[in-house]
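Notes for the structure review
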Amino acid sequence: MMIDPISVTAKPSNDLSYFDPIISNLYEPSFEFNSSSGKKSLIPNLDTDCSVWNRACSEEILRIAMNPENVKWIKSVRGRIHENPELAFEEFETSMLIRRELDRMEIGYKFPLAKTGIRAMIGTGGPPFVALRADMDALPIQELVEWEHKSKNDGKMHACGHDVHVAMLIGAAKILKAREKHLEGTVILLFQPAEEAGNGAKRMIEDGALVDVEAIFAVHVSHQLPTGVVGSRTGPLLAGCGFFRAVITGKQGQAAKPHQSVDPIFAASAAVISLQGIVSREVNPLDSQVVSVTFFNSGDDLDVIPDRVEFGGTLRAFSNASFYQLVKRIEEVIVDQARVFKCSATVDFFKDADTIYPPMVNDDHLYEHLKKVSTHLTGPKNFQVVQPVMGSEDFSFYSEVIPAAFYYIGIMNDTLGSVHSAHSPHFMIDEDVLPVGAATHAAIAERYLNDQAL
């Protein structure tokens, strides 16, 4: 995932005291009474009527998630995935691990979608349908964190938390399966390949991932929120992202005789400067956009004016209208500036190479739903409204088809060293987030179905 830092209010990063009531006594949970032995069973009573949601429903979800055996299991799942990172559309072992866990839980699924992806199903098999998505792919990064589950694949690392996302969704599957009789519809679990480099979401959609689905949610870990704290916002959350490469062509000549050449460096330099005027002089200051030139190549001959110059960079915007207006103006500025200096120009936006990501805009109603569920589950202090960022995520492709909501869950813990940003070789997470994320996923889905039934 391409993501920039988010702005939040600082809190102690290793303070999990807000979960003490949950962990210590789980709100005095009810237990099944075994008449033959005269003892209380350690299996929680799941008979609470949740057709109308109440506090006991949230407590039961947390109780399952925080069960020590479940916590041990979900950490082991994450550890196995982390040890064997696989790049985009190569997630064969990861996909097999997921399917084995689904088989053990007797959860049905369709495979493959998008080469390695999975579409699992829990519930009645009928409407309404709500989806939860996790991405599976790793990054071409050498891990520099020394721990028991360090990557065994040289040059590959789960440096963006996708192993955590998968583990939390598998954990949510276990909770939802245990509470399947309470589901007033069907939960679809999407395990998606190639978020980082291949627009796996587009391939999943093409292969039927969203058939019958009316709403979808996804989570991403954040090193800027304390462990277990959920953050999101309504409306634009992540920017649309694209890239461009321009070629300006002139006429080669000796540097000592510039009048005998047509200088593409002069034209390209003017174009780069003019590009900065698009955002600074054509865009409403309240509509955040970015145009950044990130490379410029004209060769290395110190005594020759070249016949061509290549340069390019990235563009970002928070709405499709703004994004495609940037595309239009970038091409116009480069072509017209080249013409001023007697050069010609072409601009490539890689439209056929899966490098354009639309903005991620949270649906207002789904945002309010996840906020409500999160605050009821772990308390209002553990939900934060975050600022939009210029990072991008291919989950946005789902949001173009159906209502969608994307949220963060914190992993920041100074004591453990869980403070490094995504895509860092030092990236690591506080694993205490795993049961919290699983419970949040499960509660969002179950309560959505119940609300729709009402």
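- Going by what an unreviewed UniProt entry lists, the protein chain is known as IAA-amino acid hydrolase ILR1-like 6 and is assigned to Olea europaea subsp. europaea.

Concerning the side chain of Asp430
- Checked against the element boundaries, Asp430 lands in the loop between strand E18 (404-412) and helix H11 (433-453).
- Although buried, Asp430 forms no salt bridge, and the nearest oppositely charged side chain, Lys75, lies 6.7 Å from it.
- One polar contact links Asp430 to Thr227, side chain to side chain, over a distance of 2.8 Å.

Quick word on the packing of helix H2 (residues 55-66) against helix H3 (residues 68-83)
- At their nearest, the axes of H2 and H3 sit 5 Å apart, and the two run at 60 degrees to each other. The angle between H2 and H3 falls in the class oblique. Judged by residue contacts, Ile64, Ala65 and Met66 of H2 engage Pro68, Asn70 and Val71 from H3.
- A breakdown of the residues in the contact of H2 with H3 according to their chemical character gives 5 nonpolar, 1 polar and no charged.

Structural notes on the packing of aromatic side chains
- Across all of its chains, the model carries 10 aromatic pairs by this definition.
- Consider the rings of Phe266 and Phe341, whose centres lie 4.7 Å apart with planes at 55 degrees: the pair is tilted. One end of the pair, Phe266, is in helix H7 (residues 264-282); the other, Phe341, is in the loop between helix H8 (320-340) and strand E15 (344-348), and 75 residues separate them in sequence.
- The exposure class assigned to Phe341 is partly exposed, which follows from its relative accessible area of 23%.
- Seen in terms of ring centroids, Phe395 and Phe406 are 5.6 Å apart; in terms of plane orientation they differ by 40 degrees. Their pairing is tilted. Of the two residues, Phe395 is situated in the loop between strand E17 (383-385) and helix H10 (396-399) and Phe406 in strand E18; the sequence distance between them amounts to 11 residues. In this structure, Phe395 and Phe406 share a single accessibility class: buried.

A short note on the pairing of strand E4 (residues 117-123)
- For E4, a buried count of 5 out of 7 residues is recorded, marking the element as mostly surrounded by other parts of the structure.
- Of the strand pairs in this sheet, strand E3 (residues 108-113) and E4 are connected by 4 bridges, and their pairing is antiparallel. Bridge pairing in E4 links Tyr109 to Ala120.
- The hairpin turn running from E3 into E4, its antiparallel successor, is 3 residues long, and Ala114 in that turn takes a positive phi close to 50 degrees.
- Alignment of E4 against strand E6 (residues 186-192), held across 6 bridges, turns out to be antiparallel. The partner of Gly123 across the bridge, within E6, is Thr186.

Some thoughts on the environment of Gln325
- Summarising the element assignment, Gln325 is placed in helix H8.
- Remark: the alpha-carbon pair of Gln325 and Val283, spanning 42 residues in sequence, is separated by 9.9 Å.

Re the UniProt feature "binding site: Mn(2+)" (unreviewed entry) in the protein chain
- In this numbering, the UniProt entry assigns the feature "binding site: Mn(2+)" (unreviewed entry) to Cys160, His162, Glu196, His220 and His423. The largest pairwise C-alpha distance within this set of annotated residues, which runs over 264 residues, is 13.2 Å, so the set is compact in three dimensions.
- Take Cys160: it is sitting in the loop between strand E5 (129-135) and helix H5 (162-178).
- Assignment of secondary structure puts His220 in strand E7 (residues 215-226).
- Judged by relative accessible area, His220 falls into the buried class, the value being 1%.
- Of note is the side chain of His220, whose polar atom sits 3.5 Å from the backbone oxygen of Cys160.

Cut-offs applied
- Residues numbered from 1 in each chain as written.
- Predicted model: local features only at pLDDT ≥ 70, side-chain atom pairs only at ≥ 80, totals over all residues.
- Heavy atoms only, no water.
- Helix = DSSP H or I, 4+ residues; strand = E, 2+ residues; numbered from the N terminus.
- Buried < 20%, exposed > 50% of the residue type's maximum accessible area, 1.4 Å probe, protein only.
- Lys, Arg positive; Asp, Glu negative; His and termini not counted.
- Salt bridge = Lys/Arg side-chain N within 4 Å of Asp/Glu carboxyl O.
- Polar contact = N/O pair within 3.5 Å; in protein donor to acceptor, adjacent residues only side chain to side chain.
- Axes fitted to C-alpha atoms, helices over the stretch in contact; angles between N-to-C directions.
- Parallel < 35°, antiparallel > 145°, perpendicular 65-115°, else oblique.
- Contact = heavy atoms within 4.5 Å.
- Nonpolar A, V, L, I, M, F, W, Y, C, P; charged D, E, K, R; others polar.
- Phe/Tyr/Trp six-rings, centres within 6.5 Å; stacked < 30°, edge-to-face > 60°.
- Pairing = 2+ DSSP bridges.
- UniProt positions renumbered as here; feature names shortened; annotations may be inferred.

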